[in-house]
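# A structural walkthrough
Here is how the chains run, residue by residue.
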Amino acid sequence: MKIVLLLILLTAALHAQTLPYERIVNSAREPGHWLTYSGNYSSHHYSPLAQINRLNVVRLQPKWIYQVRGREHFEAMPIVFDGVMYITDPPSDVTALDVRTGRPLWHYRRAIPEGIPACCGQVNRGVAVLDDLVYIATIDAHLVALDAKSGAVRWDVEVADYKQAITLTAAPLAIKDKIIVGMAGAEYGVRGFLDAYDAKTGRCAWRFWTTPGPGEPGNETWSGDSWQRGGATTWVTGSYDPDLDLLYWGTGNPGPDYDGTVREGDNLYSDSVIALSGATGKLKWHFQFLPHDVNDLDSNQIPVLLNAPWQGKPRKLMLFANRNAFYYVLDRETGEFLKATQFTRQNWAKGIDVKGRPIPTNTTTVNAEGVLVYPDDDGSSNWFSPSYSPRTGLFYQNVREKGAYYYKADTRFRPGQLYLGATKRDIPNEEPYGTMKALRALTGEKVWEFRMQSPPWCGALATAGDVVFSGTMEGDFFALDAWNGKVLWRFQTGGEIWANPISYRSEGKQYVAIAAGSALMVFGLD
Amino acid sequence: MLAAAAVPLFLLMMQAPSGDSIYAGQCAICHGQRGEGGRGPSLNRTKLRHASDDTALRRIIRHGLPGTGMPATWLNEVELVEVAGFVRSLSNARKPQAELPGNAERGRAIFAGKGACVQCHVVNGAGGAFGPALTGIAAQRSAGHLRQSIVDPGADVPPSFVLLRAETAGGRTVTGARVNEDTFSVQIRDAAGTLHSFWKTELKMLKKELGKSAMPSYATSLTGPELDDLVRYLAGLGETEAQ
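The structure reproduced in this document is the subject of the present report. Because the structure is predicted, anything quoted here is derived from the model rather than measured.

## Focus on the overall build of chain B
Helices and strands together make up the secondary structure of chain B, namely seven helices and five strands. Across the 243 residues that make up chain B, the buried fraction comes to 33%. Long-range contacts, defined as pairs at least 24 residues apart, comprise 59% of the intrachain contacts of chain B with a sequence gap of at least 6.

## Some details on the overall build of chain A
The secondary structure content of chain A amounts to two helices and 38 strands. Taken over the C-alpha trace, chain A has a radius of gyration of 22 Å; the compact-globule value for 526 residues is 24 Å, and the two agree within 12%. Its C-alpha atoms give chain A principal-axis dimensions of roughly 80 × 50 × 50 Å. Expressed as a percentage of the 526 residues in chain A, the buried residues total 58%. Put simply, 59% of the contacts in chain A that link residues at least 6 apart link residues at least 24 apart.

## Quick word on the interface of chain A and chain B
Contacts between chain A and chain B engage 29 residues on the former and 26 residues on the latter. If you tally residues by element for the side of chain A that touches chain B, the top one is strand β29 (residues 422–426) of chain A, at four residues. A breakdown of the residues in the side of chain A that touches chain B according to their chemical character gives ten nonpolar, seven polar and twelve charged.

## Structural notes on the sheet that holds strand β14 (residues 204–209) of chain A
Residues and elements named next belong to chain A. In spatial order, the strands read β11-β12-β13-β14; together these four strands make up an open sheet with antiparallel pairing. Two strands in the sheet have a free side with no partner beyond their single neighbour: β11 (173–175) and β14. Within the sheet, the average angular offset between the axes of one strand and its neighbour, ignoring direction, is 20°. Bridge count for strand β13 (residues 193–198) against β14 is five bridges, and the pairing is antiparallel.

## Overview of helix α4 (residues 77–90) of chain B
Side chains three or four residues apart in an α-helix point the same way, a direct result of the helix having 3.6 residues per turn. Residues and elements named next belong to chain B. Helix length check: α4 (14 residues) gives 20 Å between terminal C-alpha atoms against 20 Å at 1.5 Å per residue, within 8%. Those residues of α4 that sit buried are E79, L80, E82, V83, A84, V87 and L90. The secondary structure elements touched by the buried residues of α4 are α2 (19–31) and α3 (54–63).

## Topic: the environment of L222 of chain B
All names here are of chain B. Here L222 is to be found in the loop between β5 (203–209) and α7 (224–234). In this structure, the C-alpha to C-alpha distance between L222 and K114, residues 108 residues apart in sequence, is 8.5 Å. Beyond its immediate sequence surroundings of up to four residues, L222 is in contact with G115, L227 and L230.

## Some thoughts on the pairing of strand β27 (residues 394–401) of chain A
Residues and elements named next belong to chain A. β27 sits mainly inside the fold: seven of its eight residues count as buried. In this sheet, β27 lies alongside strand β26 (residues 387–389) in antiparallel orientation, the contact comprising three bridges. Across the sheet, the residue bridging to S389 is L394, located in β27. The hairpin formed by β26 and β27 contains four residues between the paired strands, and G393 there has a positive phi angle of roughly 70°. Both β27 and strand β30 (residues 433–440) contribute to a ladder of eight bridges, which runs antiparallel. Note on β30: the bridge partner recorded for R400 is G434.

## Some points on the pairing of strand β18 (residues 283–288) of chain A
Residue and element names in this part refer to chain A. Where strand β17 (residues 272–277) meets β18, five bridges bridge the pair, whose relative direction is antiparallel. Bridge pairing in β18 places I274 opposite H286. In this structure, the hairpin formed by β17 and β18 is closed by a connection of five residues, where G281 is found at a positive phi of approximately 80°.

## Examining the packing of α2 of chain B against α4 of chain B
The angle between the axes and the distance between the axes are what describe a pair of packed helices. Residues and elements named next belong to chain B. Viewed as axis vectors pointing N to C, α2 and α4 meet at an angle of 85°, and their least axial separation amounts to 8 Å. Between α2 and α4, the angle falls in the class roughly perpendicular. Residues G19, D20, I22, Y23 and C27 of α2 form the contact with α4, whose own contacting residues are E79, E82, V83, G85, F86 and V87. Of the residues belonging to the contact of α2 with α4, the class tally is six nonpolar, two polar and three charged.

## Some remarks on the sheet that holds strand β32 (residues 461–463) of chain A
Residue and element names in this part refer to chain A. Ordered by their spatial adjacency, five strands build an open sheet running β1-β32-β33-β34-β35, and the pairing between neighbours is mixed. Unpaired on one side and paired on the other, β1 (46–47) and β35 (487–492) mark the two borders of the sheet. Of the pairings in the sheet, the one linking β1 to β32 comprises two bridges and is parallel in character. Paired with S47 across the two strands is T463, which belongs to β32.

## Some points on unusual backbone geometry
Residues and elements named next belong to chain A. The amide bond that connects L268 to the next residue, Y269, takes the cis arrangement and shows omega of -5°. Along the chain, Y269 turns up in the loop between β16 (246–250) and β17. A cis geometry characterises the amide bond from Y374 onward to P375, with omega recorded as -10°. Notably, A165 is not glycine yet its phi reads approximately 75°, a positive angle. Checked against the element boundaries, A165 lands in the loop between β10 (153–158) and β11. Positive phi values are uncommon outside glycine, yet N362 reaches one of about 60°. Tracing the sequence through the fold places N362 in the loop between β24 (358–360) and β25 (371–373).

Reading guide: rules and limits
Residues numbered from 1 in each chain as written. Chains lettered and ligands numbered in written order. Predicted model: local features only at pLDDT ≥ 70, side-chain atom pairs only at ≥ 80, totals over all residues. Helix = DSSP H or I, 4+ residues; strand = E, 2+ residues; numbered from the N terminus. Buried ≥ 20, exposed ≤ 12 C-beta atoms within 10 Å, placed from the backbone. Contact = placed C-beta atoms within 7 Å. Rg over C-alpha atoms; globule rule 2.2 N^0.38 Å. Nonpolar A, V, L, I, M, F, W, Y, C, P; charged D, E, K, R; others polar. Pairing = 2+ DSSP bridges. Axes fitted to C-alpha atoms, helices over the stretch in contact; angles between N-to-C directions. Expected span 1.5 Å × (residues − 1). Parallel < 35°, antiparallel > 145°, perpendicular 65-115°, else oblique.

The following block contains the structure:
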């Protein structure tokens with residue numbers, strides 16, 4: 001009898017350790033877990049846990065730290081369920097950690113070939129999990145499925161040839177029976193795409209090219225054959241509406257980044273959000289934030305999905321804080337433009353017209369003498385996650401407050417080599433800085449802002465305890481009051497923070513996790 | 001690029017873009033148009049921290065430097081030689097010492113005496129800590145840049161020497177160079193070399209003087225020939241010194 005009881009207890013402790021699609025769809029039912037990249041398919045990047053709150057967050061302290069081996073930026077967003085945390089460490093390794101102790105359960109170490117062209121580091125932002133498999137998209141452009149319990153490779157498929165400068169850094173997104181994989185490489189003149197793979201077999205289910213080929217609608221927005229090198233990559237994990245079966249994904253800059261003369265036209269679907277059928281990969285609609293971009297203002301941010309009344313009627317909305325310094329509200333069933341609000345300094349647009357098309361200032365086209373551009377090519381926002389709190393109705397966005405001078409440079413295309421068309425210089429005697437801005441979700445109107453020493457590469461996490469967590473490039477991990485931005489708690493981690501915080505519950509207690517420097521740090525109350 | 005080995009070298013040479021155009025397209029975005037630095041370190045110096053020789057330099061350009069922002073490239077061998085050669089030439093933008101006017105020995109005397117530079121700058125282990133150490137400075141800064149720093153010190157202030165004025169809630173004022181700063185705290189070194197640490201919540205005011213330096217301009221206090229002597233002395237610091 002005792003043995004039976006013990007077995008039952010053990011089973012309870014380990015839970016199912018399998019993650020069917022239905023659990024991710026219904027992630028709101030298990031607030032103690034972090035089941036997909038942005039917490040839920042709507043990408044709220046919000047924790048419904050309230051044990052750590054405005055009053056007690058001051059008592060938060062480190063519980064365990066796990067050190068990774070990689071020397072690249074540690075950008076992982078953990079997935080946590082059933083007692084296990086899955087992280088990736090650069091370049092393309094996966095580790096499963098026991099959440100009680102921080103001790104590793106298994107590792108997957110991938111041998112990476114030399115000389116992979118990656119503009120911005122051989123980084124990785126996390127795994128996807130579906131059923132009993134853990135998926136990693138690798139820097140050498142493979143998708144690998146690992147056994148969730150052992151880390152053993154179940155299958156390994158090539159997504160693209162990394163020698164063509166196509167690399168994978170984003171966490172895949174698991175939907176229904178497919179694994180969605182985005183890619184990077186727009187600084188090298190690649191042609192962008194978004195892929196879906198059968199979750200069980202790794203067979204490619206569909207591919208959507210983000211620059212249309214001859215005969216396809218949108219091909220006329222590229223002069224000559226420039227669509228072949230047009231970029232529009234998909235390197236940040238998107239969102240999903242299970243009811244509409246629509247995937248929402250941001251696309252990157254057209255290539256070459258700064259020279260529009262070799263690619264006249266609007267350059268679809270660069271700097272856009274695309275809505276694709278999850279089943280077929282067919283385009284339902286697109287919205288281009290920035291036609292014919294000449295300032296590398298990718299729209300690789302996270303579409304945040306929200307059902308809310310709009311002018312008195314319930315509507316399925318999308319919120320999008322774009323790298324180009326405008327905050328957009330769209331109808332996510334149709335792609336209709338509803339509103340845009342400037343949320344920080346910019347000088348590339350006079351404004352946004354009634355249809356959502358920007359009115360360019362035409363003063364930021366790169367020339368030999370140098371032009372001043374706000375924001376710089378790292379953008380106002382970037383890949384780091386925003387957070388939406390249903391309690392405050394606020395959208396928390398970290399913002400890079402920085403401009404730069406750009407000078408025209410060589411634009412000849414050579415495969416596998418940077419294809420930019422400009423060089424960059426910082427502004428002398430101007431100290432860039434960062435802010436967290438709390439914006440009203442439906443209007444983009446600023447309610448409060450918190451100033452940071454330098455432009456951040458850390459996302460925001462709001463919780464039901466009305467606390468917002470984030471971090472800085474100087475290693476400060478901190479908690480703000482979600483209502484007014486007041487500092488409630490801080491901790492010096494000793495390493496640059498290039499990651500997004502998450503929160504989960506283990507054995508009845510809430511924890512907050514963040515990657516800082518080369519360490520995954522977990523904080524909890526005493 | 002995989003065909004590179006099979007193609008006769010002279011054909012590649014004819015097709016290869018020049019080192020300066022490769023540099024402008026791919027390197028200048030981080031290292032500056034003339035190697036003056038930016039997101040990446042400056043390259044207009046004879047000694048490069050990670051590249052002790054040309055082979056090492058080509059290897060770094062080809063494979064990148066893991067753990068830094070330096071990415072790998074897919075330049076072929078000819079292009080690597082071209083661009084590495086151009087990077088080496090950036091250090092020649094600096095005037096060779098022999099062509100500089102002035103006398104280094106007299107400059108050394110001004111540094112220690114009339115200029116009182118040594119009160120704030122360490123050279124070869126001796127001197128004050130208020131300003132940047134100048135041992136080996138010639139490996140990092142051109143003579144022109146050194147001259148500019150002497151006559152117009154605010155023109156290019158390193159981030160760890162930004163001039164700050166802090167006033168505590170109790171009314172105490174500290175002026176000095178910023179040693180470090182984050183969102184919540186700041187560390188300041190005053191003219192006597194004393195370190196001060198503050199939480200920003202302890203301060204009533206924190207004023208940043210961007211574009212200003214704690215160092216006085218020597219534009220009028222030194223004569224033209226004295227300035228030449230001082231620059232000549234500083235421009236000779238470093239060829240044999242450790243950085």
